[in-house]
Amino acid sequence: MISGKTGYTSKAGYCYVGAVKQKNMTMTFSVLASGWPPHKTYKWKDVRKLVQYATDHYERREIIADKRKIKEISIKNGLKEKVLLKTGNLKAAFLVKKTDKIKIESILPSFIDAPVKEGQKVGEIKYLINGKNQKSVPIYAKQSVKQKDYWYYFEKIIQRFTLTT
């Protein structure tokens, strides 16, 4: 049974555009030139077939990426050895065929070069369905880290000669 349908029927009554919410999915459809006179009601059979096909072959899947692997990243030539990371919302919902292959891929280098600015994008998480990227969530540095530059080394030399820390 189709419940919650809304839509528009053309003045001639042969076309119908609408939406149905069923099994946690909202399906939109368009039936054009269905049921020319004297069969104006054929469009309802066509709509039922479309909805039945969608509910038989598709499902809504909610996926959450594992955040535990995305905590910190090493920094090369920085005043700190590592920087903490943060991401956006890792929950994603997709309408997929029951046979689709879903994969979550984290793209994060083993280290980044200093300087690092807070909010700098350092990687991303990709949600792949059958090998095609459907959604990307950026991974950001949670804090800034300065680079070991000339002045850093100059200060270290002065400290060593004056025996201060």
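For the structure itself, consult the block above.
Since the model is a prediction, treat every value here as computed from it, not as a measurement.

A. Structural view of the overall build of the protein. Scanning the protein for helices and strands turns up two helices and eleven strands. Tracing the protein from N to C terminus, the helices and strands come up as β-β-β-α-β-β-β-β-β-β-β-β-α. With respect to the three principal axes, the spread of C-alpha positions in the protein is 100 × 30 × 25 Å. Here the contacts in the protein between residues at least 6 apart in sequence split such that 58% fall between residues at least 24 apart. Roughly 11700 Å² of accessible area belongs to the protein as shown, and the carbon and sulfur atoms make up 54% of that amount. For the protein, the distance from the average position of its 34 positive side-chain charges to the average position of its 14 negative side-chain charges is 9 Å.

B. Looking closely at the sheet that holds strand β11 (residues 132–141). Taken in spatial order, the six strands line up as β8-β10-β11-β6-β5-β9 in an open sheet, and their pairing is mixed. In this open sheet, the two strands that pair with only one neighbour each are β8 (102–107) and β9 (111–113). Recorded for the sheet is a direction-independent mean angle of 35° between the axes of neighbouring strands.

C. Structural view of the pairing of strand β3 (residues 25–31). The alternating pattern of β3 places M25, M27, F29 and V31 on a buried face and T26, T28 and S30 on a face that is not buried. Bridge count between strand β2 (residues 16–22) and β3: seven bridges; the pairing is antiparallel. Bridge pairing links G18 to F29 in β3. Here β2 hands over to β3 after two residues, with K23 in that stretch at a positive phi of 50°.

D. Fine view of the environment of Y42. Along the chain, Y42 turns up in helix α1 (residues 42–57). Along the chain, Y42 and V31 lie eleven residues apart, while their C-alpha atoms are 9.9 Å from each other. Leaving out residues up to four positions away in the same chain, Y42 has contacts with S34 and G35.

E. Structural view of the packing of aromatic side chains. Here the structure, examined in full by the defined rule, presents seven aromatic pairs. When the ring of F94 is compared with that of Y127, the centres are 6.1 Å apart and the planes differ by 50°; the resulting orientation is tilted. You can see F94 sitting in strand β7 (residues 91–97) and its partner Y127 sitting in strand β10 (residues 121–129), a full 33 residues away along the chain. The exposure class of F94 is buried, given its relative accessible area of 11%.

F. Representation of a nonpolar patch on the surface within the structure. Side chains of Y150, W151, F154 and I158 sit close together on the surface and give an oily, nonpolar patch of about 480 Å² of accessible area. As for its position among the elements, F154 is in helix α2 (residues 150–162). On the basis of relative accessible area, F154 is assigned to the partly exposed category, the value being 38%.

G. A look at α2. When the terminal C-alpha atoms of α2 are compared, their 18 Å separation across 13 residues agrees well with the 18 Å that a helix rising 1.5 Å per residue should span. Two residues or fewer after α2 comes L163, characterised by a positive phi angle close to 55°.

H. Geometry of the environment of G123. Within the element layout of this structure, G123 appears in strand β10. Considering only alpha carbons, one finds G123 and E155, 32 residues apart in sequence, at a separation of 33 Å. Sequence-distant contacts of G123, defined by excluding residues within four places in its chain, comprise I107, L108, P138 and I139.

Conventions adopted
Sequence order sets the numbering: in each chain, residues are counted from 1 along the sequence as written. Selection of residues for local features in this predicted model requires a pLDDT of at least 70, selection of side-chain atom pairs for listing and counting requires 80 or more, and totals for whole chains, interfaces and linings are taken over all residues. The side-chain numbers reported here are obtained from all heavy atoms of the structure, hydrogens and water having been left aside. The numbering of helices and of strands both runs from the N terminus, where a helix is a DSSP run of H or I of at least 4 residues and a strand a run of E of at least 2. Any pair of residues with heavy atoms lying within 4.5 Å of one another is described as a contacting pair. Per-residue accessibility takes into account occlusion by the displayed protein chains alone, with areas from the Shrake-Rupley method and a 1.4 Å probe. Counting rule for charge: Lys and Arg are taken as positive, Asp and Glu as negative, and neither His nor the chain ends is counted. Taken as the charge location is NZ of Lys, CZ of Arg, CG of Asp or CD of Glu. Here a strand pair is declared whenever DSSP counts at least two bridges between the two strands. For helices, the fitted axis covers only the stretch in contact; all axes are lines through C-alpha atoms, and the angles between them, taken along N-to-C directions, range from 0 to 180 degrees. Here's how the labels work: a residue is buried when its accessible area is under 20% of the maximum for its type, exposed when over 50%, partly exposed in between, all with a 1.4 Å probe on protein chains only. Any two of the Phe, Tyr and Trp rings considered here, Trp counted by its six-membered ring, make a pair once their centres fall within 6.5 Å; the pair's planes then place it as stacked at under 30 degrees, edge-to-face at over 60, or tilted in between. Note on patches: the residues involved have over 30% relative accessible area and no salt bridge, like charges join within 9 Å, and the nonpolar side chains Val, Leu, Ile, Met, Phe, Trp and Tyr join within 5 Å. For salt bridges, the criterion is a side-chain nitrogen of Lys or Arg within 4 Å of an Asp or Glu carboxyl oxygen. Take the residue count of a helix, subtract one, and multiply by 1.5 Å to get its expected span.

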